[in-house]
Amino acid sequence: MHGRHALALDIGATKLAVALVGADGGIVRIDRTPTLRDDGPEAVLERLLALAERVRGETVVAAAGIACGGPLDPRGGVLLGPLHLPGWDHVEIVRLVEQRFGVPAVLVNDASAGAWGEYRAGAAAGAASTVYLTVSSGLGGGAVLDGRLLTGATGNGGELGHVCVRPGGRRCSCGRRGCAEAYVAGTQLVARAREAIAIGRPSALAHVDPLEAAAVAHLAGSDDLARELWADALDCLGQLVADLVNVLEPEVVVLDGGLTNRPDLIDAVRRAVGADAIAPIRRVVRIERAALAGTAPAVGAGLLALERAA
Ligand SMILES: [Zn+2]
């Protein structure tokens, strides 16, 4: 195999993914396994490293990139109790990966890695600035501005899902009220449906088992509760994107994650930007679906690792 390759490790709430990424951002191999986070950090990390060894196989890798939700310390290479991994309070993930594979490793916020992946090799290729949002169990965000990845002072900036769109509103996973994530994230859509059903609201969602966010979106055309929750989610997402577009003036906003496959979601975001973004800016920006089919964080982490190791 020719060219330089990186191992990319993506540590999600429900699944672990490891990819072998080429210098052009292409994925040579990728494999996934459930996170099973209740097993605790030691067992999960061992499973992650074993998966990485299998994916590497006989390929010589030049670097390793690790994508994980925050908070984290990218300079020290340490996970600082990520919101989606309870109990992972001081995990020296970079040291563990460097010892196991003997190559330099970098740690980056997963949604920031996703932004870099789509910017270098996906829907935002060729743009100078892009905003990336991923709607899944949470609402992750990252941005590339004038060719530089937004990281902030300690590498924890760019938490675009935690912009307040409903002051005094729903409690968010971060502890604050009214963040966009509290309305748009899949886990929050499900929680809101369960809360309404528990206080006696009639809904077809009461009979969906297991209840997932996709069902809320799917039943929005026929069920009152689903319609209300989905409309609220689209309204909050549209408001968030319009504000981000006004602040950052990206050429492209990339929407990633399972729920963004719904055609009404991208339409709602385009309408909100058309209505609420400032005139010269809204003529520049394109709203696009992600092009890397859920692998953007791995691709971005791999490319960042190769660039830093160069
Ligand atoms: Zn929040």
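In what follows, the structure referred to is the one given above.
Predicted, not measured: the structure shown is a model, and the values here were computed from it.

About the thresholds
Residues numbered from 1 in each chain as written. Predicted model: local features only at pLDDT ≥ 70, side-chain atom pairs only at ≥ 80, totals over all residues. Heavy atoms only, no water. Helix = DSSP H or I, 4+ residues; strand = E, 2+ residues; numbered from the N terminus. Rg over C-alpha atoms; globule rule 2.2 N^0.38 Å. Buried < 20%, exposed > 50% of the residue type's maximum accessible area, 1.4 Å probe, protein only. Areas by Shrake-Rupley, 256 points an atom, 1.4 Å probe, with all protein chains shown as cover. Lys, Arg positive; Asp, Glu negative; His and termini not counted. Charge placed at Lys NZ, Arg CZ, Asp CG, Glu CD. Polar contact = N/O pair within 3.5 Å; in protein donor to acceptor, adjacent residues only side chain to side chain. Core = buried A, V, L, I, M, F, W, Y, C linked by side-chain atoms within 4.5 Å. Salt bridge = Lys/Arg side-chain N within 4 Å of Asp/Glu carboxyl O. Pairing = 2+ DSSP bridges. Axes fitted to C-alpha atoms, helices over the stretch in contact; angles between N-to-C directions. Contact = heavy atoms within 4.5 Å. Donors = N, O, S within 2.8 Å, 3.2 Å for Na, K, Ca; no water. Tetrahedral: all angles 85-135°; square planar, octahedral: opposite > 155°, others 65-115°. Expected span 1.5 Å × (residues − 1).

*Asks:* Is there a simple way to explain the overall build of the protein chain in this structure?
*Replies:* Counting its regular elements, the protein chain contains ten helices and twelve strands. By the compact-globule yardstick of 19 Å for 310 residues, the protein chain fits well, its C-alpha radius of gyration being 19 Å. The principal-axis extents of the C-alpha atoms in the protein chain amount to approximately 55 × 50 × 35 Å. Evaluated residue by residue, the protein chain yields a buried proportion of 53% over its 310 residues. Accessible area of the protein chain: about 13400 Å², with a carbon and sulfur share of 51%. Positive and negative side-chain charges in the protein chain, numbering 30 and 35 respectively, have mean positions lying 2 Å apart.

*Asks:* Any chance you could explain the side chain of Asn109 here in plain terms?
*Replies:* Structurally, Asn109 is set in strand E7 (residues 105-109). In terms of polar contacts, Asn109 uses its side chain to reach the backbone amide nitrogen of Ala111, at 2.9 Å.

*Asks:* Quick question: what am I supposed to make of the nonpolar core here?
*Replies:* A general tendency of soluble globular proteins is for nonpolar side chains to be buried together. Counting residues in each nonpolar core, the largest one holds 49 residues, and the members touching the most others are Leu133, Leu205, Trp230, Leu237, Val241 and Ile287. Elements with a minimum of two residues in this core: strand E8 (130-135), strand E9 (139-145), helix H4 (181-184), helix H5 (186-198), helix H6 (213-218), helix H7 (224-248), strand E11 (252-256) and helix H8 (263-276). No other element matches H7, which puts twelve residues into this core. Membership of the second largest hydrophobic core comes to 29 residues, among which are Ala52, Val61, Ile66 and Phe101.

*Asks:* Looking at this model, I keep getting lost on the pattern of salt bridges. Mind explaining?
*Replies:* If the charged atoms of two oppositely charged side chains come close together, the side chains can form a pair. On inspection of all chains with the given rule, the structure shows twelve salt bridges. Notably, a salt bridge pairs Glu195 with Arg170, separated by 2.9 Å at the nearest N-O pair. Of this pair, Glu195 sits in helix H5 while Arg170 is found in the loop between strand E10 (148-149) and H4, placing the two residues 25 residues apart along the sequence. For the salt bridge of Asp232 with Arg192, the shortest nitrogen-to-oxygen distance reads 2.9 Å. On the criterion of sequence distance, the pair formed by Asp232 in helix H7 and Arg192 in helix H5 is long-range, its members being 40 residues apart. With relative accessibility at 17%, the residue Arg192 sits in the buried group.

*Asks:* Would you mind going over the sheet that holds strand E1 (residues 5-11) with me for this structure?
*Replies:* Through backbone hydrogen bonds, the strands of a sheet pair up, either in parallel or in antiparallel fashion. The strand order across the open sheet formed by five strands is E3-E2-E1-E4-E7, and the pairing between neighbours is mixed. Edge strands, defined here as strands with exactly one partner in the open sheet, are strand E3 (27-34) and E7. On average, adjacent strands in this sheet sit at an angle of 15 degrees to one another, irrespective of strand direction. Sitting on the sheet, helix H2 (residues 93-101) is in contact with E1, strand E4 (63-68) and E7, with an inclination near 145 degrees to E7. Contacting E1, strand E2 (15-22), E3, E4 and E7, helix H10 (residues 296-309) crosses the sheet at an angle of about 140 degrees to E4.

*Asks:* Explain the coordination of the zinc ion here, please?
*Replies:* In a perfect tetrahedron of four donors around a metal, the angles come out at 109.5 degrees. In a perfect octahedron of six, they are 90 or 180 degrees. Within the protein, the zinc ion binds to His162 (ND1), Cys172 (SG), Cys174 (SG) and Cys179 (SG); these donor distances fall in the range 2.0 to 2.3 Å. Around the zinc ion, the four donor atoms sit at angles spanning 103 to 118 degrees, and that spread fits a shape best called tetrahedral. For the zinc ion, all donor residues lie on one chain, and their spacing in sequence is H-x9-C-x1-C-x4-C. Placement of the pair is His162 in the loop between E10 and H4 and Cys174 in the loop between E10 and H4, with a sequence separation of twelve residues.

*Asks:* Hey, could you run me through the sheet that holds E8 in this one?
*Replies:* Strand order in the open sheet formed by five strands is E10-E9-E8-E11-E12, with mixed pairing between adjacent strands. With one partner strand each, in any of the chains shown, E10 and strand E12 (286-289) form the two edges of the open sheet. Taken together, the four bridges between E11 and E12 define a ladder with parallel strand orientation. Bridge assignment links Leu255 to a residue of E12, and that residue is Arg289. Lying over the sheet, H7 contacts E8, E9, E11 and E12, oriented at roughly 160 degrees with respect to E8.

*Asks:* Hey, could you run me through helix H3 (residues 110-121) in this one?
*Replies:* In an α-helix, one full turn covers 3.6 residues, which means residues spaced three or four apart are oriented alike. Here H3 spans 16 Å end to end across twelve residues, near enough to the 16 Å set by a 1.5 Å rise per residue. Burial within H3 is extensive, with nine of its twelve residues counted as buried. Every buried residue belonging to H3 is among Ala111, Ser112, Ala113, Gly114, Ala115, Trp116, Gly117, Glu118 and Tyr119, and all of these are buried. Between the side-chain oxygen of the N-cap and the backbone nitrogen of Ala111 there are 2.9 Å, and the N-cap of H3 in question is Asn109.

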